[in-house]
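Structural overview for review
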Amino acid sequence: MALPSGLATSFPAESVPADTAAASDPDTLIMVENGAGAGPFVLLCDHASNRVADAYQPFGFAADRLGLHIAWDPGALGVARLLSGRLDAPLFWPDISRLVIDCNRPLDAASLIVVESEGRAVPANVGLSGTERARRIERVHAPYHDAIDACLTQRHASGLATILIAIHSFTPVYLGKARPWHVGIVFDEDARMANALIKGLAADPGFMVGVNEPYSPADLVYYSVSRHARTHRLPAAMIEIRNNEIGDEAGQKIWADRLAEILLAATPGLLGAQQAVVRSLQVE
Ligand SMILES: [Zn+2]
């Protein structure tokens, strides 16, 4: 794919993050796809999976809970994978349900390991010991974020500019109330990427685009993006797609195509700004 000149630096071979998507080991929880992707985007899909690995089966996560959107973001991984291909972007996702531990929450948040979600009890997490909480952080949350951080650090060292994008989906009806937005863009005070997404999506009059809806950083949903984008000073945004839009492969493809076009169109302007920031930091 075409990149702004001077940005298409490859990883040194020894530092390429190992792809894990093809791994057959059921204990592999942190997934990296296209880890050596040299496009300008890095993708996160924090709620990609509703799997409960064998080690967590004894806690008794109920099958009827794991099928619900409270366990994962249906359709999000399909869109993220297609985008990873279109954009030549590394993609990171934990292959474990957010009901076990939510990688998109700060460690001190009550919603890190929920005992209820959207009015539904999650008894598997009631009375969890401090040891077990620490174990889940150590085995899932920490290595997920460490892997992302390592990739971003390597890209920076290689002179490869990065825009960080998280892909999520939301339920059409929440606590009995229908949500009108087809897609929502979540962002903080750095609105560079978000503005381009909102403008691009709103160009289609058929779409209702949520601006920090149905969630905003105040809901703690911006944890992963904020943590890594701030550390590495990256343009970033979180994309929330209503899950009935991406319930099948056809819908996922439509959304991946639509988003890829907008993201790529925004890239030259965003990376130009990022390079200017880097230069000013070097001058200081
Ligand atoms: Zn999500």
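So, here's what we can say about the structure. What you see is a predicted model, and the numbers here were worked out from it, not measured in a lab.

1. Section: the overall build of the chain
A count of helical and extended segments in the chain gives 6 helices and 11 strands. A burial count over the chain gives 51% of its 284 residues as buried. Put simply, 81% of the contacts in the chain that link residues at least 6 apart link residues at least 24 apart.

2. What about the coordination of the zinc ion?
Coordination of the zinc ion by the protein comes from His47 (ND1), Asp73 (OD) and His168 (ND1), over a distance range of 2.0 to 2.1 Å. Along the chain, the residues donating to the zinc ion are arranged with the sequence spacing H-x25-D-x94-H. In this pair, Asp73 sits in the loop between helix H1 (63-66) and helix H2 (76-87) while His168 sits in strand E6 (residues 163-170), placing the two residues 95 residues apart along the sequence. As far as the burial class goes, Asp73 and His168 line up, both buried.

3. Quick notes on the nonpolar core
Within the largest apolar cluster, 81 residues are counted, with the highest numbers of intra-cluster contacts made by Leu83, Ile165, Ile185, Met193 and Leu259. When residues of this core are assigned to their parent elements, the largest contribution, 9 residues, is made by helix H6 (residues 249-283). Sequence-distant contacts of Met193, that is, excluding residues within four places in its chain, are made with Phe41, Ile163, Ile165, Ala236, Ala237, Leu263, Ala266 and Leu270.

4. Remarks on the environment of His141
Take His141: it is sitting in helix H3 (residues 130-157). Measuring from C-alpha to C-alpha, the distance between His141 and Ile30 comes to 9.1 Å, with 111 residues separating the pair along the chain. At 2.8 Å, the side chain of His141 forms a polar contact with the backbone oxygen of Arg105.

5. Brief notes about H2
Two residues of an α-helix separated by three or four positions point the same way, owing to the 3.6 residues in each turn. Spanning 12 residues, H2 covers 16 Å between terminal C-alpha atoms, matching the ideal 16 Å at 1.5 Å per step. For H2, the set of buried residues is Ala76, Leu77, Val79, Ala80, Leu83, Ser84 and Leu87. One side of H2 holds all its buried residues, which, seen down the axis, span an arc of 160 degrees. Just downstream of H2, Asp88 is the residue with a positive phi angle, here 50 degrees.

6. Section: the sheet that holds strand E11 (residues 236-242)
Spatially, the 7 strands line up as an open sheet ordered E1-E3-E2-E6-E11-E9-E10, and their pairing is mixed. Each edge of the open sheet carries a strand with a single partner, namely strand E1 (30-33) and strand E10 (209-211). Strand after strand, the sheet turns through a mean of 20 degrees between neighbouring axes, direction not considered. Summarising the sheet, strand E2 (residues 41-44) and E6 pair through 4 bridges and their orientation is parallel. The residue of E6 that forms the bridge with Leu44 is Ala166.

7. Let's talk about the packing of aromatic side chains
In total, this model carries 2 aromatic pairs according to the counting rule given. Relative to Trp255, the ring of Phe207 lies with its centre 5.2 Å away and its plane at 35 degrees, an arrangement referred to as tilted. Here Trp255 lies in helix H6 and Phe207 lies in the loop between helix H4 (192-202) and E10, a separation of 48 residues in the sequence. The ring of Phe59 carries the charged tip of Arg136 above its face, separated from the ring centre by 4.5 Å. Lying over the aromatic face of Trp255, Arg258 brings its terminal NZ or CZ to 4.4 Å of the ring centre.

8. Details of the pattern of salt bridges
In total, this model carries 13 salt bridges according to the counting rule given. A salt bridge links Asp102 to Arg105, with the nearest nitrogen and oxygen atoms 3.6 Å apart. Residue classification places Asp102 among the buried positions, given a relative accessible area of 2%. The salt bridge involving Glu189 is made with Arg230; its shortest N-O contact spans 2.9 Å. Taken as a pair, Glu189 in the loop between strand E9 (183-186) and H4 and Arg230 in helix H5 (residues 223-232) lie far apart in primary sequence, 41 residues in all. Put simply, Asp73, Arg98, Asp102 and Arg105 are held in one network by salt bridges that share partners.

9. What about H5?
Where burial is concerned, most of H5 is hidden: 7 out of the 10 residues are buried. Taken residue by residue, H5 has Tyr223, Ser224, Val225, Ser226, His228, Ala229 and His232 as its buried positions. Where H5 is buried, its residues touch E2, H3, E6 and E11. Positive phi shows up at Arg233, right after H5, with a value of about 55 degrees.

Rules of the game
- Residues numbered from 1 in each chain as written.
- Predicted model: local features only at pLDDT ≥ 70, side-chain atom pairs only at ≥ 80, totals over all residues.
- Heavy atoms only, no water.
- Helix = DSSP H or I, 4+ residues; strand = E, 2+ residues; numbered from the N terminus.
- Buried < 20%, exposed > 50% of the residue type's maximum accessible area, 1.4 Å probe, protein only.
- Contact = heavy atoms within 4.5 Å.
- Donors = N, O, S within 2.8 Å, 3.2 Å for Na, K, Ca; no water.
- Core = buried A, V, L, I, M, F, W, Y, C linked by side-chain atoms within 4.5 Å.
- Polar contact = N/O pair within 3.5 Å; in protein donor to acceptor, adjacent residues only side chain to side chain.
- Expected span 1.5 Å × (residues − 1).
- Arc of directions from axis to C-beta.
- Pairing = 2+ DSSP bridges.
- Axes fitted to C-alpha atoms, helices over the stretch in contact; angles between N-to-C directions.
- Phe/Tyr/Trp six-rings, centres within 6.5 Å; stacked < 30°, edge-to-face > 60°.
- Lys NZ or Arg CZ within 6 Å of the ring centre and 35° of its normal.
- Salt bridge = Lys/Arg side-chain N within 4 Å of Asp/Glu carboxyl O.

No statement about biological role is implied by the geometric values presented.
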